[in-house]
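Here is how the chains run, residue by residue.
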Amino acid sequence: MTVNLEVAEGVGTIRLDRPPMNALDTAVQEGLRALAGEVARREDVRAVVVYGGEKVFAAGADIKEMQGMDHAAMVVRSRALQESFTAVARIPKPVVAAVTGYALGGGCELALCADFRIAADDAKLGQPEILLGLIPGAGGTQRLARLIGPSKAKDLIFTGRMVKAEEALALGLVDRLVPAGAVYAEAHAWAARLAKGPAIALRAAKEAIDTGLETDIETGLAVERTWFAGLFATEDRERGMRSFVEEGPGKAKFL
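Let me sum up the structure you'll find in this document.

Cut-off values and rules
- Residues numbered from 1 in each chain as written.
- Predicted model: local features only at pLDDT ≥ 70, side-chain atom pairs only at ≥ 80, totals over all residues.
- Heavy atoms only, no water.
- Helix = DSSP H or I, 4+ residues; strand = E, 2+ residues; numbered from the N terminus.
- Contact = heavy atoms within 4.5 Å.
- Core = buried A, V, L, I, M, F, W, Y, C linked by side-chain atoms within 4.5 Å.
- Buried < 20%, exposed > 50% of the residue type's maximum accessible area, 1.4 Å probe, protein only.
- Polar contact = N/O pair within 3.5 Å; in protein donor to acceptor, adjacent residues only side chain to side chain.
- Pairing = 2+ DSSP bridges.
- Axes fitted to C-alpha atoms, helices over the stretch in contact; angles between N-to-C directions.
- Arc of directions from axis to C-beta.

1. Structural notes on the environment of A187
- Along the chain, the position of A187 falls in helix α8 (residues 183-195).
- Separated by 43 residues in sequence, A187 and G230 place their C-alpha atoms 30 Å apart.
- Excluding its chain neighbours within four sequence positions, the residues that come into contact with A187 are V49, V96, A98 and I118.

2. Here we look at the nonpolar core
- Formed by 59 residues in total, the largest nonpolar core has its most connected members in L32, F57, V99, L125 and L173.
- Broken down by element, the residue count for this core peaks at 6 residues, all from α8.
- Not counting the four nearest positions on each side in its chain, L173 is found in contact with C108, L112, R117, L125, L144, L147, I148, L156, V163 and A168.

3. Some remarks on the environment of T234
- By the secondary structure assignment, T234 is in the loop between α10 (217-230) and α11 (235-247).
- Separated by 33 residues in sequence, T234 and A201 place their C-alpha atoms 9.0 Å apart.
- At a separation of 2.7 Å, a polar atom in the side chain of T234 contacts the main-chain carbonyl oxygen of L231.

4. Regarding the sheet that holds strand β4 (residues 95-99)
- Taken in spatial order, the 6 strands make up an open sheet running β1-β2-β3-β4-β6-β9, and their pairing is mixed. Edge positions in the open sheet fall to β1 (3-8) and β9 (176-178), since each of these has one partner strand only. Here the strands of the sheet are splayed against their neighbours by 20 degrees on average, with no regard to which way each runs.
- Pairing analysis gives 3 bridges linking strand β6 (residues 116-120) to β9, with the strands arranged parallel. Among the inter-strand pairings, A120 is bridged to a residue of β9, identified as V178.

5. Considering the sheet that holds strand β8 (residues 162-164)
- An order of β5-β7-β8 is seen for the 3 strands of this open sheet, with the pairing classed as mixed. The sheet terminates laterally at β5 (102-104) and β8, the two strands that pair on one side only. Taking each pair of neighbouring strands and ignoring which way they run, the sheet shows an average axis angle of 20 degrees.
- Pairing between strand β7 (residues 124-126) and β8: 3 bridges, direction antiparallel. Note that in β8 the partner of L125 across the bridge is V163.

6. Things to note about helix α6 (residues 150-159)
- If you check which residues of α6 are buried, you get A153, L156 and I157. Around the axis of α6, the buried residues are gathered within 90 degrees of arc, so they sit on the same side. Away from its buried face by more than 90 degrees, α6 exposes S151 and F158.
- Here the buried face of α6 lies against α5 (140-148), β8 and α7 (165-171).

7. A look at the pairing of β4
- Burial analysis of β4 places 5 of its 5 residues in the buried class, which makes it a mostly covered element.
- Side chains of β4 alternate between two faces, with V95, A97 and V99 and V96 and A98 buried alike.
- Looking at chain direction, strand β3 (residues 47-51) and β4 are connected through 4 bridges and run parallel. Residue pairing across strands places V49 opposite V96, the latter belonging to β4.
- Note: β4 against β6, 4 bridges, orientation parallel. Bridging across to β6, V99 finds its partner in A119.

Quick look at the structure:
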């Protein structure tokens, strides 16, 4: 298998395993789609880490595989490509990308599908597709612009340049830098902390934020309002408020 799933402490780790560079060929894409669906369904998975290993996150698409495709073939394949990444983006649980080494092209696009990105202090990220006479095709033109703003996204996409970890942090492309050897531990700790939280409320928060970014504010507010009221029907809300009243803030334990 080129993509594997491990579960511990309520955290599901989706691990890319296609050495040496985790090139994102069709098999990897389909593996991502399948495991994204699995972690979305499994009750024992309450948060997710996407990880490529100690040396590299993912250095991009499999160029040799794509070189043999003509326009007709890519019309079909491009939809499946986007759908596999969208499956990761729509996991209804907190998702953190643990970025080591290179996250280029499709690798960067995969990191963009996470809610939070922890990167090695020597990581390099970018969207170099323009250097192949292409543009990002797995969501990069859309997710990158939403994350760091259109002008900064155009800089990276128009030039195809790689950015080092420090610049990626300054751009908002990643959220935290740690030593390379600590990336997975930090990402797993972040996910494990959220895995102990109220699962339905976390799902509500993610859906409300993501929906709001894709629509007008009135629609976003309606989604927020609906979820906010709906959470009053959950045991987690009852448990959280009871704990607050009886024990003080921040002491509630959720199942």
